[in-house]
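Results of the structural survey
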2 protein chains.
Amino acid sequence: MDNTVSPMPLPEMAPMAEFDKTPPTPPEEEPPPGDLPPPPNVTPGSAEKGQKHRNYDDENSWACGNWFEFLLVVALAIILLVGALVLVLFWVLYYRQGFAWTENPTLEFNLHPVLMIAGFITFSGFSMLLYRIGRCCRRIYVKLFHTIFHALAVPCVVVGFIAVLDSHNLANPPIRNFYSLHSWMGFVTMGLFALQFVVGFFSFLILLCCENATAGFRASLVPIHATFGILTFMLAVATCLTGLTEKAFLTPGLFYSFMTEEAIIINALAMTLVASAIVMAYALLREGFRYSGHILVSVQSEM
Amino acid sequence: MDNTVSPMPLPEMAPMAEFDKTPPTPPEEEPPPGDLPPPPNVTPGSAEKGQKHRNYDDENSWACGNWFEFLLVVALAIILLVGALVLVLFWVLYYRQGFAWTENPTLEFNLHPVLMIAGFITFSGFSMLLYRIGRCCRRIYVKLFHTIFHALAVPCVVVGFIAVLDSHNLANPPIRNFYSLHSWMGFVTMGLFALQFVVGFFSFLILLCCENATAGFRASLVPIHATFGILTFMLAVATCLTGLTEKAFLTPGLFYSFMTEEAIIINALAMTLVASAIVMAYALLREGFRYSGHILVSVQSEM
């Protein structure tokens, strides 16, 4: 793998066509290996032997021990992402009289939390998690499903945004727009999301049309795209939390400070979002959970 | 470095005493290198040669290009961390009549945002940033200053917590405690902070007393400590944002929806916190900004 992760492949490497079939995304998530030559008192031969030995140990220990941790974290992440959507649906349907469109601005507002959590948390979160779930799959399929789930998030976000604008403008008297921290943060989050979507779509799918020429560029973009993706998710969670705080304090009849049933549901929803941020960060940043070893397998299968 | 980053050093390696002087913290932030042997069509000799060549290239390119990006990001992070503290101080002193202790619960509350931002954002953030600023320093000094800055955060957090409890309990009529999302999130953040502090203190400083025996354990703990550290920072930022939202909506005479001067200052403070989360995430997660190459230098100097 040392020689496949570089955007500047060595001339002796496997042909680029192979490199392209399993695009350079995953290995580039790991830093360039071996910044330094081996210590002076280690002969190259012995170092290499020790290295190989350790690698096999690592592989075995992953198969035995870390799989349990991996499955636990991924399962927990999925439960939390779906759980947040279920909780917000329950809250809106059971305590806030469900949905409507422009004929009832108060009920139209209810679309906003549900669609924003569906788009920014459940779909986007699951889409990012695919890069961990799909450890054993062909990378191009993971990419496609990553794009599809993010594409599903787009209409949710757009309709959720229209719903809150409508519910403000059609209210009697109209409610002012874009003054609260929640709205400012929402703007930043939507902007980052749109930027990530456009950059990701063009760089990792469209540019595949000239695979060889763009491999280096695409590979160098991966860590930036991944970092900003996680960041957008965290910002989305933070924006949800400010929105829920706003709603909890502003809703008449909620009696937030008396910890009514509805207040506890809102706080539980918020803590689910916090937990999902924690578990997602762990799942996505944990070095050991990253994609590994796929390129060697595909090289071997075609040699 | 391939041979120095492992928690299980090879028998041929430089003596452990050297390893201990530059403790195993930094290299372990990078994943174990080389999960796979080189591709079958690359001979070990040529791969190694290419590897070395690429390493020197990397070093040079860092010296030329990435230093500017690194300095820019670190400077921006420091400006934002200090800027948040300056803004919250300005807000409290100029718009909220400054500080008091138990004789005036309303003014005692003002200690809460200032001390929490000082502790959780400015001191903790700078403390984490030290691992990027101190790229060229002896690791043990960076560790010590990391501990000192986190230790400075502890009294801030404790007094900030007492201030908000007092301001609720001594108010007339008393304000209820621990119902809001902000308070729940504050609990989680403080708990994670305390856990990280205790685990970090014992694992990375106290366990140094038997360095050799604990090297593997300490090294394996580093990525977990780093991930949860970044997470605690993000949670702290999210908690601040819910707190500011609460304050903005609940403060009489603030006229939040009319975007008064004070409302804009609060939103600007919040957006500074969001920006600091973004820049800190970038500075801490960017692979290229991580500690590199220190062990070789110290091995060479003593050989």
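Here's what I pulled together on the structure shown here. Just so you know, these numbers come straight off a predicted model, no measurement behind them.

Concerning unusual backbone geometry
Cis geometry is found at the peptide bond from Asn172(A) to Pro173(A), where omega equals 0 degrees. Residue position: Pro173(A) is located in the loop between helix 6 (139-169) and helix 7 (181-205). Although it is not a glycine, Gln97(A) sits at a positive phi angle of roughly 60 degrees. Residue classification places Gln97(A) among the exposed residues on the basis of a relative accessible area of 57%. We note that Phe178(B) has phi near 60 degrees; this positive angle belongs to a residue other than glycine.

Thoughts on the pattern of salt bridges
All names here are of chain A. With the rule as written, the count across this model stands at 2 salt bridges over all chains. Across the pair Glu 262 and Arg 96 runs a salt bridge, and its minimum N-O distance is 2.7 Å. Of the two residues, Glu 262 sits in helix 9 (residues 261-285) while Arg 96 sits in the loop between helix 3 (44-95) and helix 4 (105-109), which places them 166 residues apart along the sequence. Since its relative accessible area comes to 8%, Glu 262 is described here as buried.

Observations concerning empty space enclosed by the protein
Inspection of every chain in the model, using the stated rule, returns 8 cavities of 30 Å³ or more. By volume, the second largest cavity amounts to about 220 Å³. For the second largest cavity, the lining is made up of 18 residues, of which Met234(A), Leu235(A), Ala238(A), Met234(B) and Ala238(B) are closest to its centre. Of all the secondary-structure elements, those providing two or more residues to the lining of the second largest cavity are helix 8 (211-250) and helix 9 of chain A together with helix 8 (211-250) and helix 9 (261-285) of chain B. Split by residue class, the lining of the second largest cavity holds 18 nonpolar, no polar and no charged.

Description of the side chain of His182(A)
Residues and elements named next belong to chain A. Position of His 182 relative to the elements: it lies in helix 7. Overall, the relative accessible area of 17% leaves His 182 in the buried class. Among the polar contacts listed, one links the side chain of His 182 to the backbone oxygen of Thr 239, at a separation of 2.8 Å.

Here we look at the packing of aromatic side chains
Residues and elements named next belong to chain A. In this structure the tally under the stated criterion is 36 aromatic pairs over all chains. Taking 6.3 Å as the distance between ring centres and 10 degrees as the angle between the ring planes, the aromatic pair formed by Phe 197 and Phe 201 counts as stacked. You can see Phe 197 and its partner Phe 201 sitting in helix 7, 4 residues apart, about one turn around the helix. Ring pairing ties together the aromatic residues Phe 120, Phe 193, Phe 197, Phe 201 and Phe 202, which thus form one cluster.

Things to note about the side chain of Thr251(B)
Residues and elements named next belong to chain B. Within the secondary structure layout, Thr 251 lies in the loop between helix 8 and helix 9. Assessed through its relative accessible area of 11%, Thr 251 is described here as buried. In this structure the side chain of Thr 251 is engaged in a polar contact, spanning 2.5 Å, whose partner is the backbone oxygen of Lys 247.

A look at the packing of helix 7 of chain A against helix 8 of chain A
All names here are of chain A. Across the interface, helix 7 lies against helix 8 with an axial gap of 9 Å and an inter-helix angle of 155 degrees. Compared by their axis directions, helix 7 and helix 8 come out roughly antiparallel. Like other packed secondary-structure pairs, helix 7 and helix 8 cross with a definite hand, here left-handed. Across the contact of helix 7 with helix 8, the residue classes tally to 14 nonpolar, 12 polar and 2 charged.

As for the packing of helix 6 (residues 139-169) of chain B against helix 7 (residues 181-205) of chain B
All names here are of chain B. Close contact between helix 6 and helix 7 brings their axes to 11 Å; oriented N to C, the two are set at 150 degrees. When the axes of helix 6 and helix 7 are compared, the pair comes out roughly antiparallel. Two packed elements cross with a definite hand, and for helix 6 against helix 7 that hand is left-handed. Residue-level inspection shows Lys 143, Leu 144, Thr 147, His 150, Ala 151, Ala 153, Val 154, Val 157 and Phe 161 of helix 6 in contact with helix 7, the latter providing Phe 187, Met 190, Phe 193, Phe 197, Phe 201, Phe 204 and Leu 205. Of the residues that constitute the contact of helix 6 with helix 7, the class distribution is 13 nonpolar, 2 polar and 1 charged.

Thresholds applied
Residues numbered from 1 in each chain as written. Chains lettered and ligands numbered in written order. Predicted model: local features only at pLDDT ≥ 70, side-chain atom pairs only at ≥ 80, totals over all residues. Heavy atoms only, no water. Helix = DSSP H or I, 4+ residues; strand = E, 2+ residues; numbered from the N terminus. Buried < 20%, exposed > 50% of the residue type's maximum accessible area, 1.4 Å probe, protein only. Salt bridge = Lys/Arg side-chain N within 4 Å of Asp/Glu carboxyl O. 1 Å grid on protein atoms, 1.4 Å probe; cavity = no way out; pocket = protein on both sides within 12 Å on 5 of 7 lines; lining within 4 Å. Points joined across faces, edges and corners; volume = space filled by probe spheres on them. Nonpolar A, V, L, I, M, F, W, Y, C, P; charged D, E, K, R; others polar. Polar contact = N/O pair within 3.5 Å; in protein donor to acceptor, adjacent residues only side chain to side chain. Phe/Tyr/Trp six-rings, centres within 6.5 Å; stacked < 30°, edge-to-face > 60°. Axes fitted to C-alpha atoms, helices over the stretch in contact; angles between N-to-C directions. Parallel < 35°, antiparallel > 145°, perpendicular 65-115°, else oblique. Left-handed = near helix turned anticlockwise from the far one by under 90°. Contact = heavy atoms within 4.5 Å.

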